[in-house]
Amino acid sequence: MTPILLAFGFTPTVAIGTDLLYAAITKAGGVIAHARQSTVNWKIVRNLLLGSLPASVVTMALLKHLHTRGIDYSPILTTTLGVMLILTSLVLFFRTFLLHERDYLASGKSALAEFEHQHATLLTIVTGISLGALVTLSSVGAGAFGAAVLMVLYPRLPMIQVIGTDLAHAVPLTAVAGLGHLHLGNVDFNLLAGLLLGSLPAIWLGTKAANRMPEKIMQRLVAFILIGLGVNYTFF
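Everything numeric here is computed off the predicted structure, so don't read it as measured data.

Participant: So what's going on with the layout of surface pockets? Residues and values would help.
Facilitator: In this model, the largest pocket occupies a volume close to 1,700 Å³. At the level of elements, α1 (2–7), α2 (12–36), α4 (74–93), α5 (95–106), α8 (144–153), α9 (159–183), α10 (189–212) and α11 (215–235) are the ones that each hand at least two residues to the lining of the largest pocket. A breakdown of the residues in the lining of the largest pocket according to their chemical character gives 29 nonpolar, 11 polar and 4 charged.

Participant: Mind laying out the confidence of the model for the protein, listing which residues take part and the relevant values?
Facilitator: This prediction gives the protein a mean pLDDT of 87; 93% of its residues lie at or above 70. The lowest-confidence element of the protein is helix α6 (residues 111–118), averaging 70 in pLDDT; the highest-confidence one is helix α3 (residues 42–68), averaging 96.

Participant: For the packing of aromatic side chains, give the residues involved together with the corresponding values.
Facilitator: Scanning the entire structure with this criterion turns up 1 aromatic pair. Ring centres of Phe-93 and Phe-224 lie 5.1 Å apart, and the angle between their planes is 80°; on these two criteria the pair is classed as edge-to-face. Highlighted residues: Phe-93 in helix α4 and Phe-224 in helix α11, separated in sequence by 131 residues.

Participant: Could you give me a rundown of a nonpolar patch on the surface, with the residues and numbers involved?
Facilitator: A surface patch of nonpolar side chains, about 630 Å² in accessible area, is lined by Val-83, Leu-87, Leu-90, Phe-93, Phe-94, Phe-97 and Phe-224. For Val-83, the position within the fold is in helix α4. On the basis of relative accessibility, which here comes to 37%, the residue Val-83 falls in the partly exposed class.

Participant: Pulling in residues and values, what's your account of the packing of helix α7 (residues 120–138) against α8?
Facilitator: One can describe the packing of α7 onto α8 by two numbers: an axis separation of 11 Å at closest approach and a directional angle of 165°. As summarised for this structure, α7 and α8 are arranged roughly antiparallel, according to the angle between their axes. Where α7 crosses over α8, the two elements pack in a sense that is right-handed. Seen from α7, the contacting residues are Leu-123, Thr-124, Thr-127 and Leu-131; seen from α8, they are Phe-145, Gly-146, Val-149 and Leu-153. Looking at the contact of α7 with α8, its residues break down into 5 nonpolar, 3 polar and no charged.

Participant: Please provide a residue-by-residue account of unusual backbone geometry, values included.
Facilitator: For Ser-38, which is not a glycine, the phi torsion comes out positive at approximately 55°. Within the secondary structure layout, Ser-38 lies in the loop between α2 and α3. Despite not being glycine, Ser-139 has its phi angle at roughly 70°, a positive value. Topologically, Ser-139 is positioned in the loop between α7 and α8. Using a relative accessible area of 15% as the deciding quantity, one classes Ser-139 as buried.

Conventions used here
- Residues numbered from 1 in each chain as written.
- Predicted model: local features only at pLDDT ≥ 70, side-chain atom pairs only at ≥ 80, totals over all residues.
- Heavy atoms only, no water.
- 1 Å grid on protein atoms, 1.4 Å probe; cavity = no way out; pocket = protein on both sides within 12 Å on 5 of 7 lines; lining within 4 Å.
- Points joined across faces, edges and corners; volume = space filled by probe spheres on them.
- Helix = DSSP H or I, 4+ residues; strand = E, 2+ residues; numbered from the N terminus.
- Nonpolar A, V, L, I, M, F, W, Y, C, P; charged D, E, K, R; others polar.
- pLDDT = per-residue confidence, 0-100.
- Phe/Tyr/Trp six-rings, centres within 6.5 Å; stacked < 30°, edge-to-face > 60°.
- Patch = residues over 30% accessible without salt bridge, like charges linked within 9 Å, V, L, I, M, F, W, Y side chains within 5 Å.
- Areas by Shrake-Rupley, 256 points an atom, 1.4 Å probe, with all protein chains shown as cover.
- Salt bridge = Lys/Arg side-chain N within 4 Å of Asp/Glu carboxyl O.
- Buried < 20%, exposed > 50% of the residue type's maximum accessible area, 1.4 Å probe, protein only.
- Axes fitted to C-alpha atoms, helices over the stretch in contact; angles between N-to-C directions.
- Parallel < 35°, antiparallel > 145°, perpendicular 65-115°, else oblique.
- Left-handed = near helix turned anticlockwise from the far one by under 90°.
- Contact = heavy atoms within 4.5 Å.

In structure tokens, the structure reads:
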């Protein structure tokens, strides 16, 4: 969403701030659905939030400090956005490898699997810290990238719970980050309303189109688009 908003001429600050609140609102329904199906691991969500929410608050405080000193922090946002788009595209490109690695870790035959099992809580909190800062700066990372990290950290967790847990973590994180950007004046409410109204028919159309397109083709198409945008915002 953020790269699309940038393409339409919105500033990086407004695009990211508005997208964060948009994500928090639109993903909330998904969390309710997953919670009803008991496909959310709330212990993992809690540990992620222990790291991500303080990291988001600290990141917003740093941005506010730069703002009060009259320093333009837009380049920081666009560079972080570019990096996160590249990382997300790599997750899509190497999804098959990640699934294979997940199965290997789930077998418990590697030293890495044993290390992850012994330090799962600490690793989850550290992951939350990283996601908290990166999502606040770019609005990207609480989706495919976050799910990929959970797949590796918790290889025995069923995929439906990986998705539900990632989503349950994303909502409060994007809400806190979005409210922080709102405090800095980085949210366009007219844009937010337009996105919410437009998302309803777009979801219906997208679902219809996705059902007619092979999954591998769709993943590679999205990955190529993301990596192209990521390189653009990182290096140009």
